[in-house]
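A closer look at the structure
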Amino acid sequence: MIEFRNVSKTYRGRLVVNAISVSIEKGERVVLFGPSGCGKSTVLHLIAGLAIPDSGDILIDGELAATGGKNLQEPERRGVGMVFQDLALWPHMTVAENIEFGLVAKGAPERERRQRVKEMVELVRLGDYLNVRPGTLSGGEQQRVALARALASAPRILLMDEPLSNLDDELSLQIRREILRLHCDLGFTLVYVTHSREEARDLGARMIRLRQGKVEFESEVGDRVKEAGLSDNH
Ligand code: ADP
Ligand code: MG
């Protein structure tokens with residue numbers, strides 16, 4: 001579903017992503033792990049088409065999406081949904097309006113949008129909150145709105161960048177379960193960034209550890225993080 005072939009990206013003369021080659025299968029759950037500044041977010045931006053590689057190829061579902069210095073597939077054509085740490089929900093819009101935002105931008109007809117919003121709030125169990133503004137919800141509820149919004153346009157790939165770091169332990173655990181359930185139900189490919197070992201372990205995903213823009217460690221397809229022998233030399 002996602003393939004990086006020798007992908008590099010430089011910011012201000014610094015090699016932030018250094019000749020990375022990775023392959024992520026359709027429907028896989030992958031956790032990108034590693035210390036702050038090692039290039040995790042940049043890798044997500046490259047997948048989403050929000051950053052362009054200086055060299056190397058990025059393939060999405062077998063199609064060349066970007067190649068050295070050129071974006072060949074616009075972000076909105078990549079079928080990617082995103083949930084980032086700062087949720088960026090629109091404060092002046094209701095929960096329903098937030099969720100349908102991407103569908104409005106795509107020009108989906110109103111009836112389809114309504115239907116989709118209804119499905120999404122049921123999916124993330126937010127049915128009672130359709131008409132309230134996000135500011136009145138708890139952190140966990142807001143995170144579920146962000147999830148629903150990302151999933152509304154039925155992405156092939158869901159990118160999550162430290163989505164739980166602002167939540168307390170219990171909420172974080174609850175949303176993790178929610179993400180796992182949604183992943184099983186909907187079958188998208190999940191790339192999840194965290195620097196929390198507990199989160200990585202809990203998601204039971206294949207793990208790719210970055211260090212200074214390089215893949216330092218990668219578990220086998222289907223391996224569990226636990227079995228991959230996550231040592232303490234982090
Ligand atoms: P991580 O998500 O692992 O913490 P990032 O991918 O955000 O790491 O950043 C890696 C490095 O690239 C950092 O040094 C960061 O300052 C730099 N960087 C990331 N994005 C940009 C950008 N848009 N412009 C300039 N520098 C950037
Ligand atoms: Mg980051």
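The notes below deal with the structure included here. All figures in this text were calculated on a predicted structure; none of them were measured in a lab.

So, on to the packing of helix α4 (residues 139-152) against helix α5 (residues 169-186). Between α4 and α5, whose axes approach to 10 Å, the crossing angle comes to 20 degrees. Put simply, α4 runs roughly parallel to α5. As α4 runs across α5, the sense of the crossing is right-handed. Together, Gly140, Gln143, Arg144, Leu147 and Leu151 of α4 and Leu171, Gln174, Ile175, Glu178, Ile179, Leu182 and Leu186 of α5 make up the contact between the two elements. Of the residues belonging to the contact of α4 with α5, the class tally is 7 nonpolar, 3 polar and 2 charged.

Let us now look at the pairing of strand β4 (residues 55-60). Both strand β1 (residues 2-11) and β4 contribute to a ladder of 5 bridges, which runs antiparallel. Residue pairing in the sheet places isoleucine 2 in a bridge with isoleucine 60 of β4. Both β4 and strand β5 (residues 63-67) contribute to a ladder of 4 bridges, which runs antiparallel. Paired with isoleucine 60 across the two strands is glutamate 63, which belongs to β5.

Right, let's get into the site of ligand 1. Looking at ligand 1, the residues that line it are Tyr11, Arg12, Arg14, Val16, Pro35, Ser36, Gly37, Cys38, Gly39, Lys40, Ser41 and Thr42. Between ligand 1 and the protein, one listed contact pairs an oxygen atom with a backbone N or O atom of cysteine 38 at 3.2 Å. Separating an oxygen atom of ligand 1 from a backbone N or O atom of lysine 40 is a distance of 2.9 Å. With the chains in place, 67% of the 560 Å² that ligand 1 exposes on its own is no longer accessible. Of all the elements in the fold, those that place two or more residues in the shell around ligand 1 are β2 (14-24) and α1 (40-48). For the shell around ligand 1, the element with the most residues is α1, which contributes 3 residues. For the shell around ligand 1, the per-class residue count stands at 4 nonpolar, 5 polar and 3 charged.

Rules behind the numbers
- Numbering of residues begins from 1 in every chain and follows the order in which that chain's sequence is written.
- As they are written, the chains are lettered A onward and the ligands numbered 1 onward, keeping that order.
- The model is predicted, so local features are restricted to residues of pLDDT at least 70 and side-chain atom pairs to those at 80 or more, both for listing and for counting; the totals for chains, interfaces and linings are taken over all residues.
- Remark: hydrogens and water are excluded; side-chain values derive from all non-hydrogen atoms of the structure.
- Fitting a line to C-alpha atoms yields each axis, with helices limited to the stretch in contact; the angle taken between N-to-C directions then spans 0 to 180 degrees.
- Only DSSP runs of H or I covering at least 4 residues are called helices, and only runs of E covering at least 2 are called strands; the numbering of each starts at the N terminus.
- Note on terminology: angles under 35 degrees are roughly parallel, angles over 145 are roughly antiparallel, angles of 65 to 115 are roughly perpendicular, and the others are oblique.
- Here a crossing is taken to be left-handed if its near helix is turned anticlockwise relative to the far helix by less than a right angle, and right-handed if that turn runs clockwise.
- We call two residues in contact whenever any of their non-hydrogen atoms come within 4.5 Å of each other.
- When residues are grouped by polarity, Ala, Val, Leu, Ile, Met, Phe, Trp, Tyr, Cys and Pro land in nonpolar, Asp, Glu, Lys and Arg in charged, and all others, Gly among them, in polar.
- By definition, two strands form a pair when at least two bridges between them are found by DSSP.
- The near set for a molecule or strand comprises every residue that places at least one heavy atom within 4 Å of it.
- For this analysis, a polar contact is any N or O atom pair within 3.5 Å, provided that within protein one partner can donate a hydrogen and the other can accept it, and provided that sequence-adjacent residues contribute only side-chain to side-chain pairs.
- Per-residue accessibility takes into account occlusion by the displayed protein chains alone, with areas from the Shrake-Rupley method and a 1.4 Å probe.

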